[in-house]
Amino acid sequence: MTRFILPFIVFVVLVIFLFIGLRLDPREVPSPLVGKPAPVFVQPQLGEASKVFSPADMKGKVWLMNVWASWCVSCEAEHPVLMELSKLNLVPIIGLDYKDKPEAAMQVLNQRGNPYSLVATDRDGRTGIDYGVYGVPETYVIDKQGIIQYKLIGPVNPKNLKETILPMVAELEKK
Amino acid sequence: MRRFLLALACLVPLLAYAGEARDLSDDPVTEKRMVKLAEELRCLVCQNESLASSHAELADDLRQEVREKIRKGLTDQQIKDYLVARYGDFVLYQPPVKRTTYLLWAGPFILLLAGMGILYVQLRKRKSAIKDETPSAEALQRAAAMLSDEKEKI
């Protein structure tokens, strides 16, 4: 009997490790940018190409930067959630239209509604590279000092909005 | 005149060739360095492919980024640092040795040593077990008696 105990313990430990492994999402690569200042950029705004946007414009505010594109399917899924969020008026959402044609992006916003305070365009994806974007949609929570506090890879949904993003915004708002 | 036109017509395909794959043949030295570097980097979109072999659009952009950095005269290490600053250690196929990766680097060797230890103990045990198996004189006598009994029965 005792000779089965050791292999059994090894088996149980292995199962625990595999179980933890199954629950991790390999697509979620931790970003080295969390805790660092949001990379600087100056990009034209969607619909108003004469105006530019730079993260410095948001100094003193807690804000979300949502990287999206008209060609991105998961962005369609998160769009209603962003619409709801924008109605709550809790936090400004700045869009970054990633590797997209401005006309296509405008069309999407006209059709489905526009949750963004404004949208900056990143046609060649350079700004995306500076932010370590590898799968749209991605959402960054940036604090009053312009420090990235959180990065969400994948669509915003009611769950992660309520459990992670909004509490974090409220917390940062107090500082 | 007709010959001249014919010769002119022969030049037409050259025009078609001019724009092709200019990016790649621009500078073979840069390209070679880029490919070598990209083979050590992981594509974040299709995570089991290197940046060199991935067809993802982001990989394309990053290869272009690496090319430009090479042209600007950055060293391989500087280019890697540039990517790590944006995408984390995950982009490197060979993770750096630091506190969070000690177990990763030392793990296999610890397991190897543990395995060798277990093997050694087991072999020692077996050796002593074999020694004990040597039958005593008494046992041999008994066996011989049993064998002769058998013979008598037959």
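Residues numbered from 1 in each chain as written. Chains lettered and ligands numbered in written order. Predicted model: local features only at pLDDT ≥ 70, side-chain atom pairs only at ≥ 80, totals over all residues.

1. Notes on the overall build of chain B
Right, so step 1: The secondary structure content of chain B amounts to 7 helices and 0 strands.
Right, so step 2: Counting from the amino terminus, helix and strand elements in chain B follow one another as α-α-α-α-α-α-α.
Right, so step 3: The proportion of buried residues among the 154 residues of chain B is 14%. (Helix = DSSP H or I, 4+ residues; strand = E, 2+ residues; numbered from the N terminus. Buried ≥ 20, exposed ≤ 12 C-beta atoms within 10 Å, placed from the backbone.)

2. Overview of the interface of chain B and chain A
It is common to report an interface's size as the accessible area lost on association of the parts.
Right, so step 1: Counting residues at the interface gives 13 residues for chain B, matched by 11 residues for chain A.
Right, so step 2: Of all the secondary structure elements, the ones that give two or more residues to the side of chain B that touches chain A are helix 4 (57-71) and helix 5 (76-87) of chain B.
Right, so step 3: Tallied by class, residues from the side of chain B that touches chain A come to 8 nonpolar, 2 polar and 3 charged. (Contact = placed C-beta atoms within 7 Å. Nonpolar A, V, L, I, M, F, W, Y, C, P; charged D, E, K, R; others polar.)

3. Digging into the pairing of strand 7 (residues 148-153) of chain A
Right, so step 1: Inspection of the sheet shows strand 6 (residues 138-142) of chain A paired to strand 7 of chain A by 5 bridges, in the antiparallel sense. Within strand 7 of chain A, the residue paired with Val-141 of chain A across the bridge is Tyr-150 of chain A. (Pairing = 2+ DSSP bridges.)

4. A look at unusual backbone geometry
Residue and element names in this part refer to chain A.
Right, so step 1: In the segment running from Val-136 into Pro-137, the intervening peptide bond is cis, with an omega of -5°.
Right, so step 2: Examined against the element boundaries, Pro-137 turns out to sit in the loop between helix 4 (126-130) and strand 6.
Right, so step 3: Phi at Lys-99 is positive, roughly 45°, even though this residue is not glycine.
Right, so step 4: By the element assignment, Lys-99 lies in the loop between strand 4 (93-98) and helix 3 (102-112).

5. Considering helix 4 of chain B
Right, so step 1: When the terminal C-alpha atoms of helix 4 of chain B are compared, their 21 Å separation across 15 residues agrees well with the 21 Å that a helix rising 1.5 Å per residue should span.
Right, so step 2: Buried residues of helix 4 of chain B: Leu-58, Ala-59, Leu-62, Arg-63, Val-66, Arg-67 and Ile-70 of chain B, and no others.
Right, so step 3: At its buried positions, helix 4 of chain B is contacted by helix 4 of chain A together with helix 3 (28-39) and helix 5 of chain B.
Right, so step 4: Count one or two residues on from helix 4 of chain B and you reach Gly-73 of chain B, which has phi positive near 90°. (Expected span 1.5 Å × (residues − 1).)

6. Details of the confidence of the model for chain B
Right, so step 1: Considering every residue of chain B, the mean pLDDT works out to 83; 86% of them sit at 70 or more.
Right, so step 2: Contacts from residues 18-22 of chain B, a stretch scored under 50 in pLDDT, to residues over four places away or in other chains number 0 contacts. (pLDDT = per-residue confidence, 0-100.)

7. Topic: the pairing of strand 2 (residues 48-53) of chain A
Right, so step 1: In this sheet, strand 2 of chain A lies alongside strand 1 (residues 43-45) of chain A in antiparallel orientation, the contact comprising 3 bridges. From the neighbouring strand, Gln-43 of chain A faces strand 2 of chain A, where its bridge partner is Phe-53 of chain A.

8. Side note on helix 1 (residues 2-23) of chain A
One full turn of an α-helix is made of 3.6 residues, so residues set three or four places apart face in the same direction.
Right, so step 1: Over its 22 residues, helix 1 of chain A runs 33 Å from end to end, which matches the ideal 32 Å to within 8%, given 1.5 Å per residue.
Right, so step 2: Counting buried residues along helix 1 of chain A, only 0 of its 22 residues qualify, which leaves the element largely exposed.

9. Some details on the nonpolar core
Right, so step 1: Grouped together as the largest cluster of nonpolar side chains are 57 residues, with contacts concentrated most on Leu-64 and Met-65 of chain A.
Right, so step 2: Setting aside its immediate chain neighbours within four residues, Met-65 of chain A contacts Ile-94, Leu-96, Tyr-140 and Ile-142 of chain A. (Core = buried A, V, L, I, M, F, W, Y, C linked by C-beta atoms within 7 Å.)

10. Things to note about the packing of helix 3 of chain B against helix 4 of chain B
Residues and elements named next belong to chain B.
Right, so step 1: In contact at an axis separation of 9 Å, helix 3 and helix 4 are set at 125° when each is read in the N-to-C sense. With respect to each other, helix 3 and helix 4 are oriented oblique. As for how helix 3 packs across helix 4, the hand of that crossing is right-handed. Contacts between helix 3 and helix 4 involve Thr-30, Arg-33, Met-34, Leu-37 and Ala-38 from the former and Arg-63, Val-66, Arg-67, Ile-70 and Arg-71 from the latter.
Right, so step 2: Tallied by class, residues from the contact of helix 3 with helix 4 come to 5 nonpolar, 1 polar and 4 charged. (Axes fitted to C-alpha atoms, helices over the stretch in contact; angles between N-to-C directions. Parallel < 35°, antiparallel > 145°, perpendicular 65-115°, else oblique. Left-handed = near helix turned anticlockwise from the far one by under 90°.)

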